[in-house]
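Structural features, examined
This is what each chain is made of:
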Amino acid sequence: MSRTSSFPPWIRRVGIEVLGWLLIVLGLAALVLPGPGLLTLAVGLIVLSLRYAWAKRLLIPIRKKALDLAARSVQASGRIISSVLGAVILCAIGIVWGVRPPAPSWWKWPETWWLPGGWGPGSTLIASGLIALALIIYSYRRFRTNPAQG
């Protein structure tokens, strides 16, 4: 007996609905706030595709485009290096944001506007950088070491 069959069907349905739409809303918010907005939207669509054919249809071109971009992103060493450097810089910015050093002397606005939020936005920046590093490693292993898989 599988684990999901131990839950009543209505709980599974409601759980998929709530989780999928919550991820969609969080993804939309993360498009304008620090965080992995597009990735969260895609995961929300993946969850909703368990229940809806429209979500599954939306994922087909997204998956194809994502795999094409991933394959192209690891074809040149310069792209790989700049991507890794960007992800590391993103993590570093998240750490600085979380530590929240005092505002520099050139900052002309109130100090409360200097890196607002502390570890909240800082942790989402760090998570974004770590997700980016994981995706770079995945893309490299899948498309650079095994180009026939693309």
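Nothing here was measured: the structure is a model prediction, and the numbers come from that model.

Quick notes on the rules
Residues numbered from 1 in each chain as written. Predicted model: local features only at pLDDT ≥ 70, side-chain atom pairs only at ≥ 80, totals over all residues. Heavy atoms only, no water. Salt bridge = Lys/Arg side-chain N within 4 Å of Asp/Glu carboxyl O. Helix = DSSP H or I, 4+ residues; strand = E, 2+ residues; numbered from the N terminus. Buried < 20%, exposed > 50% of the residue type's maximum accessible area, 1.4 Å probe, protein only. Expected span 1.5 Å × (residues − 1). Contact = heavy atoms within 4.5 Å. Phe/Tyr/Trp six-rings, centres within 6.5 Å; stacked < 30°, edge-to-face > 60°. 1 Å grid on protein atoms, 1.4 Å probe; cavity = no way out; pocket = protein on both sides within 12 Å on 5 of 7 lines; lining within 4 Å. Points joined across faces, edges and corners; volume = space filled by probe spheres on them. Patch = residues over 30% accessible without salt bridge, like charges linked within 9 Å, V, L, I, M, F, W, Y side chains within 5 Å. Areas by Shrake-Rupley, 256 points an atom, 1.4 Å probe, with all protein chains shown as cover. Axes fitted to C-alpha atoms, helices over the stretch in contact; angles between N-to-C directions. Parallel < 35°, antiparallel > 145°, perpendicular 65-115°, else oblique.

**Some points on the pattern of salt bridges**
- Here the structure, examined in full by the defined rule, presents two salt bridges.
- Close ionic contact of Arg 51 with Glu 17 constitutes a salt bridge, the shortest N to O distance being 3.6 Å. Here the residue Arg 51 occupies a position in the loop between helix H2 (37-48) and helix H3 (53-73), and Glu 17 occupies one in helix H1 (residues 9-32), the gap between them amounting to 34 residues.
- Among the residues examined, Arg 51 registers a relative accessible area of 35% and is labelled partly exposed.

**Side note on helix H5 (residues 119-144)**
- The end-to-end C-alpha distance of H5, which contains 26 residues, comes to 36 Å, matching closely the 38 Å that a straight helix rising 1.5 Å per residue would cover.
- Those residues of H5 not exposed but buried are Pro 121, Gly 122, Leu 125, Ser 128, Gly 129, Ile 136, Ser 139, Arg 142 and Phe 143.
- In this fold, the buried residues of H5 make contact with H3 and helix H4 (77-99).

**Regarding the packing of aromatic side chains**
- Summed over all chains, the structure comprises six aromatic pairs.
- Relative to Trp 114, the ring of Trp 106 has its centre 5.9 Å away and its plane inclined at 85 degrees; by these criteria the two rings are edge-to-face.
- Summarising the aromatic geometry, the rings of Trp 107 and Trp 109 are spaced 5.1 Å apart at their centres and angled 65 degrees between planes, so their arrangement reads as edge-to-face.
- An aromatic cluster is present here, built from Trp 106, Trp 107, Trp 109 and Trp 114 joined pairwise through their rings.

**Considering unusual backbone geometry**
- Notably, Arg 100 is not glycine yet its phi reads approximately 55 degrees, a positive angle.
- Mapped onto the fold, Arg 100 is located in the loop between H4 and H5.
- Despite not being glycine, Leu 115 shows a phi value in the positive range, around 45 degrees.
- Among the secondary structure elements, Leu 115 is positioned in the loop between H4 and H5.

**A few points about H4**
- Between its first and last C-alpha atoms H4 spans 33 Å; for 23 residues at 1.5 Å apiece the expected length is 33 Å, and the two agree.
- For H4, the complete set of buried residues consists of Ile 80, Ala 87, Cys 91, Gly 94 and Gly 98.
- Looking one or two places after H4, you find Arg 100, whose phi comes out positive at around 55 degrees.

**A closer look at the layout of surface pockets**
- Taken as a whole, the largest pocket holds about 1,000 Å³ of empty space.
- As for the largest pocket, its lining consists of 29 residues, and the residues nearest its centre are Leu 38, Leu 39, Ala 66, Ala 70 and Leu 135.
- Only H2, H3, H4 and H5 provide two or more residues apiece to the lining of the largest pocket.

**Overview of a nonpolar patch on the surface**
- A grouping of Phe 7, Trp 10, Ile 11, Val 14 and Val 18 is seen on the molecular surface, where their side chains present a nonpolar patch of about 490 Å² in accessible area.
- One can find Ile 11 in helix H1.

**Describing the packing of H3 against H5**
- At a minimum axis separation of 8 Å, H3 and H5 run at an interaxial angle of 85 degrees. The angle between the axes of H3 and H5 places the two elements in the roughly perpendicular class. The residues of H5 that touch H3, namely those facing Leu 67, Ala 70, Ala 71 and Ser 73, are Tyr 138, Ser 139, Arg 142 and Phe 143.

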